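Below are the chains, spelled out letter by letter.
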Amino acid sequence: MCNLCLDWSSKMYSLIPDPTAYALMALITVSAGLLALRLEAMLVAIFGVIGGYITPLVLSTTTKQLPFLYIYILLLGAGTLYIAKHKDWKLLNFLAFVFSYTLFFISLANYDAATDFPIVITFLTINFALFALMPIFHHIIHREKSTLLALISMLANLAAYLIPACTLITKRFSHEWAAIVTLVLATFYIVQIRVFMKRTVNDRNLFIILCSFTAFLISISVPLLLSGAQLTAAWALIALTLLWMSLKMNNPTIRNIAYLFYSLAFIRFMSYDFWQNLNISDGYLNNFLSRFTSMGVISISMFAASKLLSAYSEKEESNLEASELEPQGSTHGQLFYWVSALFLFVFFQIEFHFLSNAYYIAMHTPLITAVWVAAIIAIIYKFQTKETSNVLNLIFALSVIALIKVLILDPFTWELSMKSPDGGLSIIALAFQDFSLESLTMRFINYAMIIAVFAWAAKQLKTKKLDMLDCSQMLNVFAVLLLFLYTTLEMNTIMANKIPGMQAGAVSILWSIFALSAIIIGIKKDIKGLRYAGLSLFLITSLKVFFSDLSTLSQVYRIVAFLIFGLIMLSGSFIYIKFQDRFKQIPEGELHHE
């Protein structure tokens, strides 16, 4: 009733100025609140708040008086906040929230963006801060845990502020400026988190919702400010920052939010950025920056995350008993490590593909092979620090795929021909069509790298453990097989272009050299399988000579080829007979006797 009298005195009879009327009405409402605190009567406070908010609503005029109205509403909000400090009257807070935002939205009926924007956005921000503190003020002061209703009211207040604030800013300026609101809000919640941690507030639900608000606001700030690959990179860096914070504070909630940001970055990259990176219409350098910003930054971020989690898991292990399970940080660290390695592996393959196409196409295949070689070397070193069957299986699988690549895919880069010297088609006469010095050099680099890394890896894995020994032997087989096939193709290529009549004979001589080498090494190292392989290759070569080479070689080349082949076979027979005592099996009785 007092508020109505003051409003009539101001608007109908002009007895007192409007500012004085609003100030007196606010004073009456505050007095009602103080009286309610004194009497501990929530009903008195409710009547006072309802009367205070309804008065300008009922007696509003067409004259726009936003400054006085907003100051009046803020004074009412401040009074309600003061009451919330002493009493947990949720109904009172709810009514104040509903009425204040209702009056605000009604006041926008005659909103003029050019003149009203500063006062409107200022009021909206202050009003939000009042009601953001209201649900938790009593709980923090009195160290009581927040309720579900308080957390819901915090969410409602955020939505009631964020949506109109961003809408007003976007209409007045552009959507990039709306990021100011989201970033300020995120900072506001981060400050609250920091204060609560210093005060050692034990309220898990409150802490979770504040962290969730912060993560949500940061996540929508990034798309407002950035686009394309920058957005993916920003999410990955935010995730790394949150992960570092969670490990420093030992807080699983923030860590889960960091994982959420990593998931957002990964999903966006796989659904959008990856396919955009395949577009090279803007030139190599521009697209390189885009690819590095997305895939490169994600890889680096995940690798750094793996290091943080590994360091954290070591601390966990020191605090665990022997019977307890492996720390979770160790598993997550390994996952991040391998995902980052996969991203880098794919990134370098894509990058070398575009780099060679843009500047030096002849290096395309060797550069891609170099990525596989580097991956095998890196995993071997990883295996040496952590010998597990999973890593060993990965080494073998990667080696098999690399072998398939250089055996099946790479030869087609230089194109293959099956033309024999007599003009027919023969699989034995397979050769590369490109015979230039550049192609010869590129092929040598390509195959030499992978053969060398197979041989090196086999040596590194040669241990007493049976499974590792088997893997080492298989890698040796891969190296020899690849060397045999590559030299055969290259010999066919050279002979087909330089001495066509000697093509078949040169290949037979090459095969016999391989057979002789296999026998010599098999005898020296006492490897029965290698000796048998050499003998088998001699047999295959002999069949090739008599059933194929005789019909394709000219008279002169036939004599030369047969002479060299015969000398090599004779040398092999002599060596095999001379050193046969080395690989004769000892009778079982003699073995027991010894």
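Check the entry above for the structure.
About the criteria used
- Residues numbered from 1 in each chain as written.
- Predicted model: local features only at pLDDT ≥ 70, side-chain atom pairs only at ≥ 80, totals over all residues.
- Heavy atoms only, no water.
- Helix = DSSP H or I, 4+ residues; strand = E, 2+ residues; numbered from the N terminus.
- Buried < 20%, exposed > 50% of the residue type's maximum accessible area, 1.4 Å probe, protein only.
- Contact = heavy atoms within 4.5 Å.
- Areas by Shrake-Rupley, 256 points an atom, 1.4 Å probe, with all protein chains shown as cover.
- Phe/Tyr/Trp six-rings, centres within 6.5 Å; stacked < 30°, edge-to-face > 60°.
- 1 Å grid on protein atoms, 1.4 Å probe; cavity = no way out; pocket = protein on both sides within 12 Å on 5 of 7 lines; lining within 4 Å.
- Points joined across faces, edges and corners; volume = space filled by probe spheres on them.
- Nonpolar A, V, L, I, M, F, W, Y, C, P; charged D, E, K, R; others polar.
- Polar contact = N/O pair within 3.5 Å; in protein donor to acceptor, adjacent residues only side chain to side chain.
- Core = buried A, V, L, I, M, F, W, Y, C linked by side-chain atoms within 4.5 Å.
- Axes fitted to C-alpha atoms, helices over the stretch in contact; angles between N-to-C directions.
- Parallel < 35°, antiparallel > 145°, perpendicular 65-115°, else oblique.
- Left-handed = near helix turned anticlockwise from the far one by under 90°.

Asks: Before we go on, may I ask you to explain the overall build of the chain in this structure?
Replies: Each helix and strand counted, the chain has 21 helices and 2 strands in total. Going through the 594 residues of the chain one by one, you find that 44% of them count as buried. Considering only residue pairs separated by 6 or more positions, the chain has 69% of its internal contacts joining residues 24 or more positions apart. As displayed, the chain offers around 31300 Å² of accessible surface, 69% of which is attributable to carbon and sulfur atoms.

Asks: I tried to follow the environment of serine 472 on my own but got confused; where do I start?
Replies: One can find serine 472 in helix 17 (residues 466-498). Residue classification places serine 472 among the buried residues on the basis of a relative accessible area of 2%. As for serine 472 and leucine 461, which are separated by 11 residues in sequence, their C-alpha atoms are 5.4 Å apart. Ignoring sequence-local partners within four residues, the contact set of serine 472 consists of Ala458, Lys459, Leu461 and Lys462.

Asks: What is the right way to read the packing of aromatic side chains from this model?
Replies: What describes a pair of aromatic rings is the distance from one ring centre to the other and the angle between the planes of the rings. On inspection of all chains with the given rule, the structure shows 27 aromatic pairs. Their ring planes at 70 degrees and their centres at 5.0 Å tell us that tyrosine 262 and phenylalanine 336 sit as a pair that is edge-to-face. Taken together, the residues tyrosine 262 in helix 11 (residues 252-277) and phenylalanine 336 in helix 13 (residues 328-359) connect sequence positions 74 residues apart. In this structure, tyrosine 262 and phenylalanine 336 share a single accessibility class: buried. Taken together through their ring pairs, the aromatic side chains of Phe128, Tyr161, Phe188, Tyr189 and Phe213 make up a single cluster.

Asks: I would appreciate a short explanation of the layout of surface pockets in the present structure.
Replies: Over the atoms, a rolling probe the size of a water molecule traces out where space has been left empty. What the largest pocket holds in volume is close to 1100 Å³. Lining the largest pocket are 27 residues; nearest its centre among them are Asn476, Val477, Val480, Ile521 and Leu530. Listed by contribution, the elements that provide at least two residues to the lining of the largest pocket are helix 16 (437-460), helix 17, helix 18 (503-524) and helix 19 (528-552). Tallying contributions element by element places helix 17 first for the lining of the largest pocket, with 10 residues. Along the lines of polarity and charge, the residues of the lining of the largest pocket split into 18 nonpolar, 6 polar and 3 charged. Taken as a whole, the second largest pocket holds about 470 Å³ of empty space. If you go around the second largest pocket, you meet 17 residues; those closest to its centre are Ala341, Leu342, Phe345, Ala375 and Ile379.

Asks: Quick question: what am I supposed to make of the side chain of asparagine 446 here?
Replies: As for its position among the elements, asparagine 446 is in helix 16. Judged by its relative accessible area of 0%, asparagine 446 is buried. A polar atom in the side chain of asparagine 446 sits 2.4 Å from the side chain of threonine 369. Those residues in contact with asparagine 446 that sit more than four places away from it in its chain are Thr365, Pro366, Thr369, Lys405, Val406, Asp410 and Trp414.

Asks: It is not clear to me how the nonpolar core should be interpreted in this structure. Could you clarify?
Replies: As a rule of thumb, soluble globular proteins bury nonpolar side chains together. Judged by nonpolar contacts, the single largest core of 78 residues is most densely connected at Tyr70, Phe128, Tyr161, Leu185, Leu210 and Phe261. Non-local contacts of leucine 210, meaning those with residues more than four positions away in its chain, are made with Met154, Tyr189, Gln192, Ile193 and Phe196. Val391, Val406, Leu475 and Tyr486 belong to the second-largest nonpolar core, a separate cluster that totals 37 residues.

Asks: What exactly am I supposed to notice about the packing of helix 14 (residues 364-385) against helix 15 (residues 389-409) here?
Replies: Relative to each other, helix 14 and helix 15 sit at 165 degrees, their axes nearing to 10 Å. Comparing the axis directions of helix 14 and helix 15 gives the class roughly antiparallel. Along this stretch, helix 14 crosses helix 15, giving a crossing that reads as left-handed. Along the contact surface, helix 14 presents Thr365, Ile368, Thr369, Trp372, Ala375, Ile376, Ile379, Ile380 and Phe383, while helix 15 presents Val391, Leu392, Leu394, Ile395, Leu398, Ser399, Ile401, Ala402, Lys405 and Val406. Class assignment of the residues belonging to the contact of helix 14 with helix 15 gives a composition of 15 nonpolar, 3 polar and 1 charged.

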